[in-house]
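Remarks on the overall topology
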Amino acid sequence: MEQLERIAYMEQALDDCEASIATMRRALEAYHAVQNKIEELFAYYSSEQWMEDYDDSCAGKLPDDLKCGVLSQDAVHCMLGENNDLMVELKKLVQEYSAEI
């Protein structure tokens, strides 16, 4: 690779890295902001209240136009599983790259 080509390539690499880091920072801030909601959903999903709400939904006691995906038997469970998987991936990423710093 010639000098000018190398400098242009590395400049683009710098731009790409800065953009990706900024995107990741925003995503991490958003993810951090919903952690309390994740805890609230876990508590609700494992509560008597959720079961009562679920039963009422199955019995047709809730309005037809009420969005209630939270009462599906899989939505919250799957989200919690995905959250756990993401935490494992983030931990591996930190362990892998923190050794290089």
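Structure shown above.
What you are looking at is a predicted structure, and each value in this text was computed from that prediction instead of being measured. (Residues numbered from 1 in each chain as written. Predicted model: local features only at pLDDT ≥ 70, side-chain atom pairs only at ≥ 80, totals over all residues. Heavy atoms only, no water.)

When helices and strands are counted, the chain shows four helices and zero strands. In the chain, the succession of α and β elements from N to C terminus is α-α-α-α. Against the globule reference of 13 Å for 101 residues, the chain gives a C-alpha radius of gyration of 22 Å, more extended than a compact globule. Dimensions of the chain, computed from C-alpha atoms along their principal axes, come out at roughly 70 × 30 × 20 Å. Each of the 101 residues in the chain was classed as buried or not, and the buried ones make up 10%. The long-range share in the chain, meaning contacts at least 24 apart out of those at least 6 apart in sequence, stands at 53%. Put simply, the chain shows about 8600 Å² of open surface, and 57% of that area lies on carbon and sulfur atoms. With 8 positive and 22 negative side-chain charges, the chain shows a spacing of 4 Å between the two charge centroids. (Helix = DSSP H or I, 4+ residues; strand = E, 2+ residues; numbered from the N terminus. Rg over C-alpha atoms; globule rule 2.2 N^0.38 Å. Buried < 20%, exposed > 50% of the residue type's maximum accessible area, 1.4 Å probe, protein only. Contact = heavy atoms within 4.5 Å. Areas by Shrake-Rupley, 256 points an atom, 1.4 Å probe, with all protein chains shown as cover. Lys, Arg positive; Asp, Glu negative; His and termini not counted. Charge placed at Lys NZ, Arg CZ, Asp CG, Glu CD.)

For the structure on display, the rule yields two aromatic pairs. Taken together, a centroid distance of 5.2 Å and an interplanar angle of 70° make the contact between Y45 and W50 edge-to-face. An identical accessibility class is assigned to Y45 and W50; each is buried. A network of ring pairs unites the aromatic residues Y45, W50 and Y54 as a single cluster. (Phe/Tyr/Trp six-rings, centres within 6.5 Å; stacked < 30°, edge-to-face > 60°.)

Another point: the side chain of Q35. By secondary structure assignment, the location of Q35 is in helix α2 (residues 35–45). A relative accessible area of 17% means that Q35 is categorised as buried. One polar contact links the side chain of Q35 to the main-chain carbonyl oxygen of Y31, over a distance of 3.1 Å. Apart from the residues lying within four places of it in its own chain, the contact partners of Q35 are N83 and M87. (Polar contact = N/O pair within 3.5 Å; in protein donor to acceptor, adjacent residues only side chain to side chain.)

A grouping of E11, D15, D16 and E18 is seen on the molecular surface, where their side chains present a negatively charged patch. Within the secondary structure layout, E18 lies in helix α1 (residues 3–33). (Patch = residues over 30% accessible without salt bridge, like charges linked within 9 Å, V, L, I, M, F, W, Y side chains within 5 Å. Salt bridge = Lys/Arg side-chain N within 4 Å of Asp/Glu carboxyl O.)

This paragraph deals with the packing of α2 against helix α4 (residues 75–98). For the pair α2 and α4, the least separation of the axes is 10 Å and the interaxial angle reads 135°. Judged by the inter-axis angle, α2 sits oblique to α4. Read as a crossing pair, α2 and α4 show a hand that is left-handed. Here Q35, I38, L41, F42 and Y45 of α2 come into contact with α4, specifically with V76, H77, M79, L80, N83 and M87. Each residue belonging to the contact of α2 with α4 can be placed in one class, and the counts come to eight nonpolar, three polar and no charged. (Axes fitted to C-alpha atoms, helices over the stretch in contact; angles between N-to-C directions. Parallel < 35°, antiparallel > 145°, perpendicular 65-115°, else oblique. Left-handed = near helix turned anticlockwise from the far one by under 90°. Nonpolar A, V, L, I, M, F, W, Y, C, P; charged D, E, K, R; others polar.)

Function cannot be inferred from these measures alone, as they are strictly geometric.
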